[in-house]
Amino acid sequence: MSDHGAEGGAARSARVGQVKDITSLSNPLIKDIRALAMKKHRDETRTFLAEGLKLVIDAIDLGWSIRTLIYAKAQRGKEAVEKIAALTIARGGLVLEVSDKVLTAITRRDNPQAVIAVFEQQLMKLDAVRMKPDDTWVALDRVRDPGNLGTIIRTADAAGAAGVMLIGDTVDPFSTETVRATMGSIFAVPLVRTSEKDFLVWSGKAAPLLVGSHLKGSVDYRSIGYKGRPVVLLMGNEQAGLPDTLASACGKLARIPQSGRADSLNLAIATGIMLFEARRHLLDLGDTTP
Ligand code: SAM
């Protein structure tokens, strides 16, 4: 937590009374938070839920705004939690101290995280994307599986990708399942939502090296010159793969050679393989001398 360092006792006592103590599941604030399990409610409020103290601290450090901080009673007085609570209040957010029963109901888990938070959603506009040499974006066509999407966002983060574009009718990146699978990378990786049409117009203008990952690709994914140029790795839908409309726009159609009986790789695995190859020249272990 870089921007909210040590907090004095005065500030701590100033917010006594600003923290709401809630034990009832019928409390309207809790009802609203529980409704975030539904996409409709997330879309309407442009918010989402994330779980875990570390994740909440990371999010704040990366500039995300907490609308509501929720923590278990047993967390009261813990320094890190007190600091986040103070910061949330200072920025106009709500702080709720709740019973275990309420936390379990919000997270739908038997052993819930003791700290969770409602954040404002952030999406980047496609027009705002400016690609630099060696930037790698992942573009996903109609990704359907929340776990796949979360894993891809986490992998994009680990590989140092510039961001992830979601094309067409995709699963919600802010669903609880996706957010959980990102393990916090949801806060670190810029996300863009776009239609297929707008993506094609943009890629025509921005002119990155558009590499389609395709089961019928004629090029070995390891033979492509990714170095020194902006690259977009375009991945197909879990069931249908890449449609011709997108495949025909690609500068290269790459295939990951397979042996064995599997028809194809899982989308998240294929994305990981493509990403780490495209960024291989930029990734090293650094100085490993003892
Ligand atoms: N039945 C689909 C098809 O015919 O394309 C399979 C889709 S696969 C589960 C999901 C996506 O992962 C593909 O569209 C492609 O982008 C990528 N993928 C999976 N295996 C791949 C491989 N061996 N080479 C290149 N891309 C692959």
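Please read these numbers as outputs of a predicted model, since none were measured by experiment.

Here is what the cut-offs are and how they apply
- Residues numbered from 1 in each chain as written.
- Predicted model: local features only at pLDDT ≥ 70, side-chain atom pairs only at ≥ 80, totals over all residues.
- Heavy atoms only, no water.
- Pairing = 2+ DSSP bridges.
- Helix = DSSP H or I, 4+ residues; strand = E, 2+ residues; numbered from the N terminus.
- Contact = heavy atoms within 4.5 Å.
- Axes fitted to C-alpha atoms, helices over the stretch in contact; angles between N-to-C directions.
- Buried < 20%, exposed > 50% of the residue type's maximum accessible area, 1.4 Å probe, protein only.
- Phe/Tyr/Trp six-rings, centres within 6.5 Å; stacked < 30°, edge-to-face > 60°.
- 1 Å grid on protein atoms, 1.4 Å probe; cavity = no way out; pocket = protein on both sides within 12 Å on 5 of 7 lines; lining within 4 Å.
- Points joined across faces, edges and corners; volume = space filled by probe spheres on them.
- Nonpolar A, V, L, I, M, F, W, Y, C, P; charged D, E, K, R; others polar.
- Parallel < 35°, antiparallel > 145°, perpendicular 65-115°, else oblique.
- Left-handed = near helix turned anticlockwise from the far one by under 90°.

(A) Quick peek at the sheet that holds strand S6 (residues 136-141). The 7 strands are arranged S8-S7-S6-S11-S9-S12-S10 in an open sheet whose pairing can be described as parallel. Lying at the two open borders of the sheet, with one neighbouring strand each, are strand S8 (191-194) and strand S10 (219-220). Where helix H11 (residues 267-278) meets the sheet, its contacts fall on S6, strand S9 (209-213), strand S11 (231-235) and strand S12 (252-255), and the angle it forms with S11 comes to roughly 165°.

(B) Structural detail: unusual backbone geometry. Of note in the backbone geometry, aspartate 134 takes a positive phi value of approximately 75° without being a glycine. As for its position among the elements, aspartate 134 is in the loop between strand S5 (115-120) and S6. Under the relative-accessibility criterion, aspartate 134 is labelled partly exposed at 24%. Residue methionine 183 is not a glycine yet carries a positive backbone phi of 55°. The exposure class assigned to methionine 183 is exposed, which follows from its relative accessible area of 56%.

(C) The packing of aromatic side chains, seen in detail. Counted by the stated rule, this structure contains 7 aromatic pairs. With centroids separated by 5.9 Å and ring planes inclined at 85°, the aromatic side chains of phenylalanine 48 and tryptophan 64 adopt a geometry described as edge-to-face. Here phenylalanine 48 is found in strand S2 (residues 47-51), whereas its partner tryptophan 64 is found in the loop between helix H4 (53-61) and strand S3 (66-72), with 16 residues between them in sequence. For tryptophan 64, a relative accessible area of 5% puts it in the buried group. Relative to phenylalanine 174, the ring of phenylalanine 48 has its centre 4.7 Å away and its plane inclined at 40°; by these criteria the two rings are tilted. Taken together, the positions of phenylalanine 48 in strand S2 and phenylalanine 174 in the loop between strand S7 (163-167) and helix H8 (176-182) put the pair 126 residues apart, joining distant regions of the chain.

(D) How the structure looks around the layout of surface pockets. Computed from the structure, the largest pocket encloses a volume of approximately 450 Å³. Along the wall of the largest pocket there are 21 residues; nearest its centre are Leu215, Asn237, Gly241, Ser264 and Leu265. Those elements that place two or more of their residues in the lining of the largest pocket are S12 and H11. Here the lining of the largest pocket is composed, by residue class, of 9 nonpolar, 9 polar and 3 charged. In this structure, the second largest pocket spans a volume of roughly 340 Å³. If you trace the second largest pocket, you find 17 residues lining it, with Glu51, Leu55, Gln113, Arg180 and Met183 closest to the centre.

(E) Molecular detail of the sheet that holds strand S4 (residues 94-98). An order of S1-S4-S3-S5-S2 is seen for the 5 strands of this open sheet, with the pairing classed as mixed. Edge positions in the sheet fall to strand S1 (19-22) and S2, since each of these pairs with one other strand and no more. Along the sheet, successive strands turn relative to each other by an average axial angle of 20°, direction set aside. Across 5 bridges, S2 lies against S5 in antiparallel orientation. If you follow alanine 50 over to S5, its bridge partner there is alanine 117. Seen against the sheet, H4 touches S2, S3 and S5 and runs at an angle of roughly 30° to S5. Relative to S3, helix H6 (residues 100-107) is tilted by about 130°, and along the sheet it contacts S1, S2, S3, S4 and S5.

(F) The arrangement of the packing of H4 against helix H5 (residues 79-90) in detail. At a minimum axis distance of 11 Å, the contact between H4 and H5 shows a crossing angle of 40°. In terms of orientation, H4 lies oblique with respect to H5. Of the two possible hands of crossing, H4 and H5 adopt the one that is left-handed. Only Ala80, Val81, Ile84 and Leu87 of H5 make contact with H4, whose side of the interface consists of Leu53, Val56, Ile57 and Ile60. Partitioning the contact of H4 with H5 into residue classes produces 8 nonpolar, no polar and no charged.

(G) Local environment of the pairing of S8. The pairing of S7 with S8 spans 4 bridges and is classified as parallel. For methionine 165, the partnering residue across the bridge sits in S8 and is valine 192.

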